[in-house]
Amino acid sequence: MGSMPNVQVILGSVRAGRLCPKVADWVVELGRRSTTLNYELIDLADWPLPMDDEPGIPAQGIYAQAHTRAWSEKIAGGDGFIFVTPQYNWGYPAGLKNAIDHLYKEWHGKPVTIISYGGHGGSKSSSQLQQVITGLKMRPTETMPQIVLTREMINGAPVEPAAHFRPHEDSVRQALAELVALV
Ligand SMILES: Cc1cc2nc3c(=O)[nH]c(=O)nc-3n(C[C@H](O)[C@H](O)[C@H](O)COP(=O)(O)O)c2cc1C
């Protein structure tokens, strides 16, 4: 890690058979080639946080549950974030909201970008999450890439990120360059 800022790449989907790791890996590969940030993948599937199980207000930073304290420690180590999120019924996944809502100060004031994906690039998911990060007073990049999935991909056809996501490379590079300027 050294002195490089640590950017945490949060996988927004925990769904069985999800595409999310392929998208996140592709983003990280591009990032490692084009920036000097350290990229740490954070898979929410490895952080099973029961739905809204903290009795206190997370913004006060007093956590009753050991898993929340561990999650807090993990996210406190992020100098910036990339949320990689699909679109589910015009929104972003409930598990991602739950993971965000378990904490507050660990996100507050930090740089962030959102990379959404879906039939129309996950634009509704991205917009909703942009409102949430505004509420958390995070510092967003101007560019928020939206990766378009074809009907075939959504229906399970194999996805080859390097080829299929090529049209989105420039916007992802741009978002990462903006993130570099913010961390
Ligand atoms: C519950 C659910 C709802 C979905 N709703 C939308 C939607 O509103 N718009 C869209 O473009 N795609 C939608 N899709 C398709 C997803 O974009 C696609 O399945 C994507 O691969 C989901 O990400 P994941 O595989 O990483 O979970 C939906 C998929 C699921 C499972």
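Notes on the structure in this doc start here. (Residues numbered from 1 in each chain as written. Predicted model: local features only at pLDDT ≥ 70, side-chain atom pairs only at ≥ 80, totals over all residues. Heavy atoms only, no water.)

## Things to note about the pattern of salt bridges
This structure, assessed with the given rule, holds seven salt bridges. A salt bridge links Glu29 to Arg33, with the nearest nitrogen and oxygen atoms 3.4 Å apart. Of this pair, Glu29 and Arg33 both sit in helix H1 (residues 20-34), four residues apart, roughly one helical turn. Where Arg173 meets Glu169, a salt bridge forms, and the shortest distance between an N and an O atom there is 2.8 Å. Of this pair, Arg173 and Glu169 both sit in helix H7 (residues 169-182), four residues apart, which is roughly one turn of the helix. Residues joined in a network through salt bridges with shared partners are Arg166, Glu169 and Arg173. (Salt bridge = Lys/Arg side-chain N within 4 Å of Asp/Glu carboxyl O. Helix = DSSP H or I, 4+ residues; strand = E, 2+ residues; numbered from the N terminus.)

## Quick notes on the site of the ligand
What surrounds the ligand is a group of 16 residues, the closest being Ser13, Arg15, Tyr88, Tyr117 and Gly119. At 2.8 Å from an oxygen atom of the ligand is found a main-chain nitrogen or oxygen belonging to Leu19. With respect to the ligand, the backbone of Gly119 contributes an N or O atom lying 2.6 Å from an oxygen atom. Burial of the ligand by the protein amounts to 78% of the accessible area it has alone, namely 620 Å². The cavity that encloses the ligand is the largest pocket. Taken together, the residues of the shell around the ligand break down into eight nonpolar, six polar and two charged. (Near = heavy atom within 4 Å. Polar contact = N/O pair within 3.5 Å; in protein donor to acceptor, adjacent residues only side chain to side chain. Areas by Shrake-Rupley, 256 points an atom, 1.4 Å probe, with all protein chains shown as cover. 1 Å grid on protein atoms, 1.4 Å probe; cavity = no way out; pocket = protein on both sides within 12 Å on 5 of 7 lines; lining within 4 Å. Sits in = over half its atoms within 2 Å of the grid points. Nonpolar A, V, L, I, M, F, W, Y, C, P; charged D, E, K, R; others polar.)

## Focus: H1
Helix length check: H1, at 15 residues, gives a terminal C-alpha distance of 21 Å against a target of 21 Å (1.5 Å per residue), a fit within 8%. Burial in H1 covers these residues: Cys20, Val23, Ala24, Trp26, Val27, Val28, Leu30 and Gly31. (Expected span 1.5 Å × (residues − 1). Buried < 20%, exposed > 50% of the residue type's maximum accessible area, 1.4 Å probe, protein only.)

## Remarks on the side chain of Gln8
Examined against the element boundaries, Gln8 turns out to sit in strand E1 (residues 6-11). Of the residues examined, Gln8 reaches a relative accessible area of 0% and is grouped as buried. The residues contacting Gln8, other than those within four sequence positions of it, are Glu40, Ile42, Lys74, Ile75, Gly77, Gly78, Gly80, Phe81 and Ile82. (Contact = heavy atoms within 4.5 Å.)

## As for the layout of surface pockets
Empty space within the largest pocket amounts to approximately 530 Å³. Gln87, Gly118, Gly119, Leu149 and Ile154 are the residues nearest the centre of the largest pocket, which is lined by 26 residues in total. Of all the elements in the fold, those that place two or more residues in the lining of the largest pocket are H1, strand E4 (111-118), helix H4 (123-135) and helix H5 (151-154). Examining the composition of the lining of the largest pocket, we find that three residues originate from one element, H5, more than from any other. (Points joined across faces, edges and corners; volume = space filled by probe spheres on them.)

## Re the pairing of strand E2 (residues 38-43)
Side-chain positions along a regular strand alternate between the two faces of the sheet. For E2, the tally of buried residues reaches five of six residues, placing the bulk of the element in the interior. As judged from the six bridges shared by E1 and E2, these two strands associate in the parallel manner. Bridged to Val7 within E2 is Tyr39. This β-α-β element, E1 to H1 to E2, shows right-handed connectivity. (Pairing = 2+ DSSP bridges. Right-handed = clockwise from strand over helix to strand, strands pointing away.)

In short, shape yes, function no, at least from these values alone.
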